[in-house]
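Here is what each chain is made of, one letter per residue.
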Amino acid sequence: AAKKLFWKADKKQKRFMEARNGRALAILRTPKQKTQAQKLFEEIVSIDRDYEAAWYNLTIAHLSLESNGVFGQFEKMVKRFPEHYDAHFKLGASNERSHYYPKAVVSYINQLNVNPEHGRARFYAARAAIELIWMGLEWPEIPGFEIALKQNPKRYLPIQAEAYLSQKLYGKAEANYKD
């Protein structure tokens with residue numbers, strides 16, 4: 001139903017990019033239509049280079065297609081719209097999924113710098129940071145981690161304990177669970 005309504009709006013006014021974007025989103029949700037949606041998003045951003053939502057949706061289409069170009073799309077997205085509310089997070093998640101932990105942590109931290117209240121970026125940054133420590137790298141400064149640790153200890157204490165264990169700080173790890 002939504003696809004039909006957006007299609008009608010698009011036909012009435014060719015330059016109504018929001019209608020085209022909505023139509024592409026509806027198509028993206030349709031099974032076996034992701035490539036068609038991606039092409040439509042590409043058409044939209046070629047017409048309106050500053051339409052942030054269409055750029056973001058194009059990257060999501062690449063992500064849903066598990067495209068090899070997903071990293072390039074997210075990198076373009078964060079370069080073009082560095083203040084986007086979620087793009088750095090999605091780039092981090094893509095990097096983490098591919099085991100590029102240093103890049104993932106940087107992306108998550110960038111997301112927290114843009115959007116300090118992002119629901120998952122802090123936890124994902126901490127989780128990926130554990131991998132950095134196991135790789136012999138330093139624990140990064142994650143904005144708001146200490147506050148989150150106090151507000152939600154069940155979620156963050158295990159991560160902190162894992163960080164201590166990986167650094168062979170056994171006393172600190174044990175102390176986490178005594179408090």
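Residues numbered from 1 in each chain as written. Predicted model: local features only at pLDDT ≥ 70, side-chain atom pairs only at ≥ 80, totals over all residues. Heavy atoms only, no water.

**What to know about helix α8 (residues 121-134)**
Right, so step 1: Look at α8: 20 Å from first C-alpha to last across 14 residues, which is about the 20 Å you get at 1.5 Å a residue.
Right, so step 2: Across the 14 residues of α8, eleven count as buried, placing the element largely inside the fold.
Right, so step 3: Restricting attention to buried positions, one finds in α8 the residues A121, R122, F123, Y124, A125, A126, A128, A129, I130, L132 and I133.
Right, so step 4: Looking at the buried positions of α8, the neighbouring elements they touch are α6 (87-97), α7 (101-114), α9 (145-151) and α10 (153-166). (Helix = DSSP H or I, 4+ residues; strand = E, 2+ residues; numbered from the N terminus. Expected span 1.5 Å × (residues − 1). Buried < 20%, exposed > 50% of the residue type's maximum accessible area, 1.4 Å probe, protein only. Contact = heavy atoms within 4.5 Å.)

**Concerning the packing of helix α2 (residues 17-28) against helix α4 (residues 52-64)**
Right, so step 1: Between α2 and α4, whose axes approach to 11 Å, the crossing angle comes to 15°. Put simply, α2 runs roughly parallel to α4. Classified by chirality, the crossing of α4 by α2 is left-handed. For the pair α2 and α4, contact is made by N21, L25 and L28 and by A53, A54, N57, I60, A61 and S64, respectively.
Right, so step 2: A breakdown of the residues in the contact of α2 with α4 according to their chemical character gives six nonpolar, three polar and no charged. (Axes fitted to C-alpha atoms, helices over the stretch in contact; angles between N-to-C directions. Parallel < 35°, antiparallel > 145°, perpendicular 65-115°, else oblique. Left-handed = near helix turned anticlockwise from the far one by under 90°. Nonpolar A, V, L, I, M, F, W, Y, C, P; charged D, E, K, R; others polar.)

**Quick look at unusual backbone geometry**
Right, so step 1: One non-glycine residue, K32, lies in the positive phi region at around 65°.
Right, so step 2: Looking at the secondary structure, you find K32 in the loop between α2 and α3 (34-47).
Right, so step 3: The class of K32 is exposed, set by a relative accessible area of 83%.
Right, so step 4: The phi dihedral of K168 is positive, around 60°, even though this residue is not glycine.
Right, so step 5: With respect to the helices and strands, K168 occurs in the loop between α10 and α11 (170-178).

**With respect to the pattern of salt bridges**
Right, so step 1: In total, this model carries four salt bridges according to the counting rule given.
Right, so step 2: We note a salt bridge from E96 to R127, for which the minimum N-O separation is 3.0 Å. Of the two residues, E96 sits in helix α6 while R127 sits in helix α8, which places them 31 residues apart along the sequence. (Salt bridge = Lys/Arg side-chain N within 4 Å of Asp/Glu carboxyl O.)

**Here we look at the nonpolar core**
Soluble, globular proteins show a tendency: their nonpolar side chains are buried together.
Right, so step 1: Within the largest apolar cluster, 26 residues are counted, with the highest numbers of intra-cluster contacts made by V105, Y108, A128, I142, F145, Y156 and I159.
Right, so step 2: Of all the elements in the fold, those that place two or more residues in this core are α6, α7, α8, α9 and α10.
Right, so step 3: In this view, F145 contacts R122, A126, W139, Y156 and I159; residues no more than four positions away in its chain are not counted.
Right, so step 4: Residues I27, Y51, A54 and L58 belong to the second largest nonpolar core, which totals 22 residues. (Core = buried A, V, L, I, M, F, W, Y, C linked by side-chain atoms within 4.5 Å.)

**Examining the packing of aromatic side chains**
Right, so step 1: All chains considered together, the criterion is met by nine aromatic pairs.
Right, so step 2: Pairing F123 with Y156 gives two aromatic rings, centres 5.9 Å apart and planes at 75°, and the pair type is edge-to-face. Separated by 33 residues along the polypeptide, F123 in helix α8 and Y156 in helix α10 bring together distant segments of the chain. The pair F123 / Y156 is uniform in exposure class, with both members buried.
Right, so step 3: Ring centres of F145 and Y156 lie 5.6 Å apart, and the angle between their planes is 85°; on these two criteria the pair is classed as edge-to-face. (Phe/Tyr/Trp six-rings, centres within 6.5 Å; stacked < 30°, edge-to-face > 60°.)

**Here's the deal with α10**
Right, so step 1: Spanning 14 residues, α10 covers 19 Å between terminal C-alpha atoms, matching the ideal 20 Å at 1.5 Å per step.
Right, so step 2: The complete set of buried residues in α10 reads Y156, L157, I159, Q160, A161, A163, Y164 and S166.
Right, so step 3: On its buried face, α10 sits against α8, α9 and α11.
Right, so step 4: Phi turns positive one or two residues past the end of α10, at K168, with a value near 60°.

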